[in-house]
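# Residue-level structural notes
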Amino acid sequence: MIAGLIRTSAELFDEVAADFIASELRRVGSSGPLAIGLSGGSTPEPVYELLATVPDLPWDLTSVYFADERCVPPDHPASNYRMIHSSLLARVPLPPSRIHRMEAERLDTDQAALDYEASLPERLDLLLLGLGEDGHTASLFPGNPSLAEESRRVVATRSPAEPRNRLTITPPVIRSARRLVVLVSGETKADAVRMALDGSADFGRVPGRLAADGSWILDYAAAGLIKR
């Protein structure tokens, strides 16, 4: 069951998404410290930039984690950390000690995954995800063995696209998050959105289905094939 579905124009997408995430941060943060998970990609970057301008958010109570990372140095153009840091984290009053980066550039990616898993809280209070044209979310790709992982919370994995080597959270982290927000824009993702939300495919085929009961913010193009 879909917990929430917000459709908006492409022109208002970033503003609507930033306002919604801000309201969730205030809601979750009203009860004390919170742990949030952030995702990379082209869709959330302008949303993060707007979120950084919203006043009175509980950054002093927030610890930040990452949904996935490419195995590149943190200053590499493909790094999720680089994008999220420059668009959001460097612009808000968040101590560096509260930013928990995936050290995916390490040679031993399996150990890096284990170490990151050990740093994760039992549950994320808010997890922000996206959706690829192939239905992937985080770095959980269709048919990948990481989708069957139930004991590990972070694993090293492979992407069909470059950079191929990644670290990613696993399905148990997504399912256990207290609040899920999924941002999707663009007509090329409309079929993946439909399959993730209408029950026509399982999460092995469309990993984004793992977040089907979250709050989905879609522009009209991405929502174009949803019947309801």
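Below: a short report on this structure.

Reading the values: the criteria
- Residues numbered from 1 in each chain as written.
- Predicted model: local features only at pLDDT ≥ 70, side-chain atom pairs only at ≥ 80, totals over all residues.
- Heavy atoms only, no water.
- Buried < 20%, exposed > 50% of the residue type's maximum accessible area, 1.4 Å probe, protein only.
- Helix = DSSP H or I, 4+ residues; strand = E, 2+ residues; numbered from the N terminus.
- Pairing = 2+ DSSP bridges.
- Right-handed = clockwise from strand over helix to strand, strands pointing away.
- Axes fitted to C-alpha atoms, helices over the stretch in contact; angles between N-to-C directions.
- Parallel < 35°, antiparallel > 145°, perpendicular 65-115°, else oblique.
- Left-handed = near helix turned anticlockwise from the far one by under 90°.
- Contact = heavy atoms within 4.5 Å.
- Nonpolar A, V, L, I, M, F, W, Y, C, P; charged D, E, K, R; others polar.
- Phe/Tyr/Trp six-rings, centres within 6.5 Å; stacked < 30°, edge-to-face > 60°.
- Lys NZ or Arg CZ within 6 Å of the ring centre and 35° of its normal.

## A closer look at the pairing of strand S2 (residues 34-38)
Within S2, five of the five residues are buried, which leaves the element mostly enclosed by the surrounding structure. In this sheet, strand S3 (residues 62-66) lies alongside S2 in parallel orientation, the contact comprising five bridges. Each residue of the ladder has a partner; that of Leu 34, found in S3, is Thr 62. Following the chain from S2 across helix H2 (residues 44-51) to the adjacent parallel S3, one finds a crossover that is right-handed. The sheet contact formed by S2 and strand S5 (residues 126-129) spans two bridges and is parallel. Of the residues in S5, the one forming a bridge with Ile 36 is Leu 126.

## Observations concerning the packing of helix H1 (residues 13-29) against H2
Put simply, H1 and H2 touch, their axes get as near as 8 Å, and they point 60 degrees apart. By the angle between their axes, H1 is oblique relative to H2. Relative to H2, H1 is oriented so that their crossing is right-handed. On the side of H1, the interface is formed by Phe 13, Asp 14, Glu 15, Ala 17, Ala 18, Ile 21, Ala 22 and Leu 25, while H2 contributes Pro 46, Val 47, Leu 50 and Leu 51. Of the residues that constitute the contact of H1 with H2, the class distribution is 10 nonpolar, no polar and two charged.

## Focus: the packing of aromatic side chains
Each aromatic ring pair is specified by the distance between its two centres and by the angle formed by the two planes. Within this structure, the stated rule accounts for two aromatic pairs. With centroids separated by 6.5 Å and ring planes inclined at 75 degrees, the aromatic side chains of Tyr 65 and Tyr 116 adopt a geometry described as edge-to-face. Of the two residues, Tyr 65 is situated in strand S3 and Tyr 116 in helix H4 (residues 109-119); the sequence distance between them amounts to 51 residues. Tyr 116 gets classed as buried once you look at its relative accessible area, which sits at 4%. A centroid spacing of 6.0 Å and a plane angle of 55 degrees characterise the contact between Phe 66 and Tyr 81, whose relative ring orientation is tilted. Of this pair, Phe 66 sits in strand S3 while Tyr 81 is found in helix H3 (residues 80-87), placing the two residues 15 residues apart along the sequence. The ring of Tyr 81 is capped by Arg 101, whose NZ or CZ atom sits 5.7 Å from the centre of that ring.

## Topic: the packing of H2 against H3
Closest axis-to-axis distance for the H2/H3 pair is 8 Å, and the angle between their directions is 30 degrees. In terms of orientation, H2 and H3 fall into the roughly parallel class. Along the contact surface, H2 presents Pro 44, Glu 45, Tyr 48 and Glu 49, while H3 presents Met 83, Ile 84 and Ser 87. Of the residues belonging to the contact of H2 with H3, the class tally is four nonpolar, one polar and two charged.

## Comments concerning the sheet that holds strand S9 (residues 215-219)
Within the open sheet, the six strands sit side by side as S1-S9-S8-S5-S2-S3. Their pairing is parallel. One side of each edge strand has no neighbouring strand; the edge strands of this open sheet are strand S1 (4-8) and S3. Between one strand axis and the next, the sheet turns through 15 degrees on average, direction left out of account. Strand direction decides the pairing type here: strand S8 (residues 180-184) and S9, joined by four bridges, are parallel. Within S9, the residue paired with Leu 183 across the bridge is Ile 217.

## Remarks on unusual backbone geometry
Following Glu 162, the chain continues to Pro 163 via a peptide bond in cis, the omega torsion being -10 degrees. Positionally, Pro 163 belongs in the loop between strand S6 (154-158) and strand S7 (165-169). Unusually for a residue other than glycine, Asp 56 sits at a positive phi of about 60 degrees. Tracing the sequence through the fold places Asp 56 in the loop between H2 and S3. Since its relative accessible area comes to 71%, Asp 56 is described here as exposed.

That's the geometry; what it means functionally is another story.
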